[in-house]
Amino acid sequence: MKTPSRHLPFTMVVLALVLSVAVACGSQDPPAEPTSTATQTSSTAVSTPTSVTAPDPGNGTQPSGTVTIAVQTVGTRGGIPRDCPFCALNTSAGLQETMLLAERTNGDVTVQPGLAESWTVADDLSYTDMEIREGVSFHKGMGDLTAEDVVFTFNEMNPNVTSGAQHDTGGDLTPVLERTEVIDESTVRFHWIGFAAHYHLQWLSNYFEGIGIFSKRAWDEMGEEWMRENPVGTGPFELERYTQNEGIFLTAVSDHWRKTPFVAEVRYLEIPEPSNRRAMLESGQAQIAQIDLKDWSALFDDGFEKAAEEGPANDLGIVMGGNYWETHHPSTGDTLDRTIDTSLPWVGNPYENGDEFDENTPSMQRAKKVRMALGMTIDREGINDSIVEGLGLVSNLGSIGDNDPIFQANADRWTVPYDPGRAKELLEEAGYPDGFRAGFYTQPGIEAEVGDAVTAIWRNELNIDMAMDRQSYSAWRPQRINRTVNQLNFHSMWSAFPATWPGEWLISAVSAPTGFNSGMELPKATETLEAKQSTVDIEELEGLTVEFQDYINEWALYPGVVEAPQAAIYDPQAISEWTMYPMVNFALGGAKAPEFIRLAP
C-alpha cells in the first residue's frame, strides 16, 4: 500500500508510520512555488506556501538586474561535503539543492518533491528509497544528477562512513543515518539507524540546514583541491566567486529545471557592523539586510518590511558548558577522553565516588545550586522588553520553546521565577557567598546584547563577574566539535522544532568525535534520544519529552532567556515580490530563496 505523504501533517505521518505503511510521493512536474512573501501593497509579508500546484518554473524568463544583500557573515566556502562547516550557506544562497522542499499546508510543515521526485519508506522503517529527478544539470558542465552524486554527498559528509567528516550537519546525522546506497542509476537508499517521522523534513529538505548535493564527477575529474575552491551544485544560481570575509557572488542559471531566477546576479556582502548594514539598506546600496532588532521599529516606520512574517526564532538558552558526564560512546562503546573541571562552579562530577554515575556527589549537589541560582537571576521579561524590543517571547528552559504545547501543559513547574534573594541563599549554600569569576562565550549581535544584559544582572545581584569571550564563531566552533567547551554559552535551535523531535543529540556524546555538540554530554540526553528513535507512538514521544524536560529543569542544566524573532528586512520600493519556503535556520540573515526575488520596475 502506498499513501501520498506530502499533504500529511506531522501527527498523521506519525500515525501512518505506526501502522508501518509505506510512504510515497511523486510528481513529474516541477515542485510548487511558495506563496509570495512581499508585495508593494501589503503591509505584512507572508512567508509560507499555501498550495502545491506546480507553476511554470520560469523557463524562458530572462534574468535581469542585481540584488545586494548585506549580512553579518558569509562564513567559510565549502566545496567538498566532508569538510564543509558552513554548508547550509550553499543551499540558502541557491547554489545547491536538497532532495525535498518544505511547504506549509493547513498549518503543518510538510515536504514536496525536490531533487527526489518520489520516495518510499520500508514497512519496517529501516530505509527510504528515493527516485532521482531526471534532467537536472550540475553547474560548470559537470553533467546530470544521478544516484551516485547523492550517495557520494551523504556518505562523504557522514562520520559513520567517512572518518573525520566535518560537514556542519554530518555529525548531527551520526545517530540517524547509517549509510546511503546506490540501488540503480536513479534510485538511492537511505539506511536509517532509527527512523522518526520528521526525518525527511529535517534532514532531506531545505527546512533546517538543507543538505545540498555535490557533484561526484567534479570530485573524480577535477580533484579535491579544485572542488574545495569551486563549490558545484544544481541550484538556480551558479557560484561566480566566494571570498571569505567579503561575500558570495552568484549568477543566474537560465532555464533552470525548477525556477529560473528573476534577477541575473545576487551579491551577499559580509558587513559585520550592524549600523553599516542598516545604512546600506536605507541608502539603497542594499535591497535586503540583516538588521538588529533594536532598529526594526524605526525601519518599519519608514516603510521597510520583514521578508518573512513567520521565521525562525533565536531561542537563547544558556548551555552550562563543561558538564561532560558520559564516559563511553553510545554507539561504539569506546572510552571518551573528557575533562570534568569541578573548579568551575556550575560543573559537577558524578564519578567522584567511583565508576558508577552518582547524582549525590558533593560537586554535583554544589554545582546544581549554582546553576539554579544563575537561572533564577535572569529578568526574562525585562530583557525581552529592553533588548528584544518586546518582539520576542521569554524562554524558561533552553531545551523547549515556551509556546510548545508540551511546555504550556507543564508551565506551572517549568517556569523559572525571578528570585535573586533565593539565588543568593543557594550560592552561599554552595560555598560562593562572595560570587565568582568565570567565562561566557557569545557571538556578535543579539547573543552578545542578551549576554551582556544577563551578566550585568548577575554582577549586580550575585557579584558574579563574567569575562565575555567575543572571538569569531569560526575560531570558537572547534571547541564544540572537540568537546572542550568549558564556558557558559548560548545555543539556539530547540524552539524551532516540536519538542517531541529527538533533538537531544545536541547535548549527547552520540555525535562524537566530529559532530556538533553544545558543550554538555548527558547520559539522560542519550537515553532519551535512543528511546525516541525507537518509537513513533505520539503519546510515548510526549511522555519521553516531559520526562527529559523535568530532568533538565530539576538540574538547571539549560536555562532559557528569550526567544528573539529573526527575519531579513527588505525595501519594498526595490523588491516587488519575494517567495520564501518555511525555514528554521537563519543562515545568511534569513535571506533565502533568492531565485524568487523580483525587483520592482
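Residues numbered from 1 in each chain as written. Predicted model: local features only at pLDDT ≥ 70, side-chain atom pairs only at ≥ 80, totals over all residues. Heavy atoms only, no water.

## Some remarks on the overall build of the protein
Looking only at helices and strands, one finds 18 helices and 25 strands in the protein. Summarising the internal contacts of the protein: among those between residues at least 6 apart in sequence, 69% fall at separations of at least 24. (Helix = DSSP H or I, 4+ residues; strand = E, 2+ residues; numbered from the N terminus. Contact = heavy atoms within 4.5 Å.)

## Some words on helix H17 (residues 523-532)
Taken as a whole, H17 has its buried residues at Lys524, Ala525, Thr526, Thr528, Leu529 and Lys532. If you follow the buried residues of H17, they end up packed against helix H18 (538-554). (Buried < 20%, exposed > 50% of the residue type's maximum accessible area, 1.4 Å probe, protein only.)

## Topic: the sheet that holds strand E10 (residues 237-243)
Taking strand neighbours across the sheet as the criterion, the 7 strands line up as E10-E11-E12-E3-E13-E23-E14 in an open arrangement whose pairing is mixed. Of all the strands in the sheet, just E10 and strand E14 (305-306) have a single pairing partner and so form its edges. Here 6 bridges tie E10 to strand E11 (residues 247-252), and the two strands are oriented antiparallel to one another. Among the inter-strand pairings, Glu238 is bridged to a residue of E11, identified as Thr251. (Pairing = 2+ DSSP bridges.)

## Focus: the nonpolar core
Residues Met99, Phe154, Tyr268, Trp458 and Trp578 are the most contacted members of the largest nonpolar core, which totals 159 residues. Ignoring sequence-local partners within four residues, the contact set of Met99 consists of Pro113, Gly114, Leu115, Ala116, Met130, Ile132, Val150, Phe154, Leu204 and Ile213. Within the second largest apolar cluster, 7 residues are counted, among which are Leu397, Ile400, Trp414 and Val546. (Core = buried A, V, L, I, M, F, W, Y, C linked by side-chain atoms within 4.5 Å.)

## Digging into the state of the cysteines
Counting across every chain of the model gives 1 disulfide. Covalently, Cys84 is tied to Cys87 through a disulfide, its sulfur atoms 1.9 Å apart. Torsion about the S-S bond of the Cys84 and Cys87 cystine: about 95°, corresponding to right-handed handedness. Exposure remark for Cys84: the relative accessible area of 0% places this residue in the buried category. (Disulfide = S-S within 2.5 Å.)

## Side note on the confidence of the model for the protein
Across the protein, the average pLDDT comes to 88, with 89% of residues at 70 or higher. Of the regions scoring below 50 in pLDDT, residues 1-28 engages in 67 contacts with residues more than four places distant in sequence or in other chains. Taken as a whole, residues 35-56 scores under 50 in pLDDT and shows 69 contacts with residues more than four places along the chain or in a different chain. (pLDDT = per-residue confidence, 0-100.)

## Describing the environment of Ile507
You can see Ile507 is positioned in the loop between strand E20 (488-491) and strand E21 (520-521). The exposure class of Ile507 is buried, given its relative accessible area of 0%. Contacts of Ile507, omitting those with residues within four sequence positions, involve Trp494, Asn517, Ser518, Met520, Glu521, Leu522, Ala525, Phe548, Ile552 and Tyr558.

## Description of the sheet that holds strand E19 (residues 465-469)
With respect to topology, 6 strands assemble into an open sheet ordered E17-E22-E15-E20-E18-E19, the strand pairing being mixed. Across the chains shown, the open sheet's two edge strands, defined by having one partner strand only, are strand E17 (393-394) and E19. Examined bridge by bridge, E17 and strand E22 (residues 560-565) share 2 bridges and lie antiparallel to one another. Within the sheet, the bridge partner assigned to Leu393 lies in E22 and is Glu563.

## Focus: a negative patch on the surface
Together, Glu134, Glu148, Asp184 and Glu185 line one region of the surface with negative charge. With respect to the helices and strands, the residue Glu134 is situated in the loop between strand E7 (127-132) and helix H3 (147-157). By relative accessible area, which is 70% here, Glu134 ends up exposed. (Patch = residues over 30% accessible without salt bridge, like charges linked within 9 Å, V, L, I, M, F, W, Y side chains within 5 Å. Areas by Shrake-Rupley, 256 points an atom, 1.4 Å probe, with all protein chains shown as cover. Salt bridge = Lys/Arg side-chain N within 4 Å of Asp/Glu carboxyl O. Lys, Arg positive; Asp, Glu negative; His and termini not counted. Charge placed at Lys NZ, Arg CZ, Asp CG, Glu CD.)

## Description of the pattern of salt bridges
In a structure, side chains of opposite charge can pair up when their charged atoms sit close to one another. With the rule as written, the count across this model stands at 34 salt bridges. Between Glu97 and Arg258 there is a salt bridge; the shortest N-O distance is 2.9 Å. Separated by 161 residues along the polypeptide, Glu97 in the loop between helix H2 (88-92) and strand E4 (100-105) and Arg258 in the loop between E11 and strand E12 (265-270) bring together distant segments of the chain. One salt-bridge network, held together by shared partners, links Arg82, Asp83, Glu156, Glu224, Glu225 and Arg228.

## Description of the packing of aromatic side chains
Considering all chains together, one arrives at 21 aromatic pairs under this definition. For the ring pair Trp192 and Tyr199, a centre distance of 5.4 Å and an interplane angle of 50° mean the geometry is tilted. We classify Trp192 as buried; its relative accessible area is 6%. Note on Tyr199: relative accessible area 1%, which makes it buried. On the basis of an interplanar angle of 80° and a centroid distance of 5.3 Å, the ring pair of Phe208 and Phe497 is categorised as edge-to-face. With Phe208 in the loop between helix H4 (199-204) and helix H5 (216-222) and Phe497 in the loop between E20 and E21, this residue pair connects regions lying 289 residues apart in the sequence. (Phe/Tyr/Trp six-rings, centres within 6.5 Å; stacked < 30°, edge-to-face > 60°.)

## Things to note about the pairing of E19
Bridge count for strand E18 (residues 437-441) against E19 is 5 bridges, and the pairing is parallel. Bridge pairing links Tyr441 to Asp469 in E19. Regarding the hand of the β-α-β motif, the stretch spanning E18, helix H14 (residues 446-462) and E19 is right-handed. (Right-handed = clockwise from strand over helix to strand, strands pointing away.)

## A few points about the packing of H17 against H18
Between H17 and H18, the least distance of the axes is 10 Å, while the angle of their chain directions is 175°. In this view, H17 runs roughly antiparallel relative to H18, as classed from their interaxial angle. Of H18, the residues touching H17 (which contributes Lys524, Ala525, Glu527, Thr528, Ala531 and Lys532) are Leu541, Leu544, Thr545, Glu547, Phe548 and Tyr551. The class makeup of the residues in the contact of H17 with H18 is 6 nonpolar, 2 polar and 4 charged. (Axes fitted to C-alpha atoms, helices over the stretch in contact; angles between N-to-C directions. Parallel < 35°, antiparallel > 145°, perpendicular 65-115°, else oblique. Nonpolar A, V, L, I, M, F, W, Y, C, P; charged D, E, K, R; others polar.)

## Side note on unusual backbone geometry
A cis amide bond links Ala512 with the next residue in sequence, Pro513, at an omega value of 10°. Secondary-structure assignment places Pro513 in the loop between E20 and E21. For Leu125, which is not glycine, the phi dihedral falls at a positive 65°. The buried category is assigned to Leu125, whose relative accessible area is 16%. Not every positive phi belongs to a glycine, and Asp255 is a case in point at roughly 55°.

## Points about helix H7 (residues 274-283)
Among the residues of H7, Pro274, Arg277, Arg278, Met280 and Leu281 are the ones counted as buried. When H7 is viewed along its axis, its buried side chains cluster within an angular range of 160° and face the same direction. Contact partners of the buried residues in H7: strand E3 (66-71), E12, strand E13 (288-289), helix H8 (296-301) and strand E23 (569-570). Two residues or fewer after H7 comes Gly284, characterised by a positive phi angle close to 90°. (Arc of directions from axis to C-beta.)

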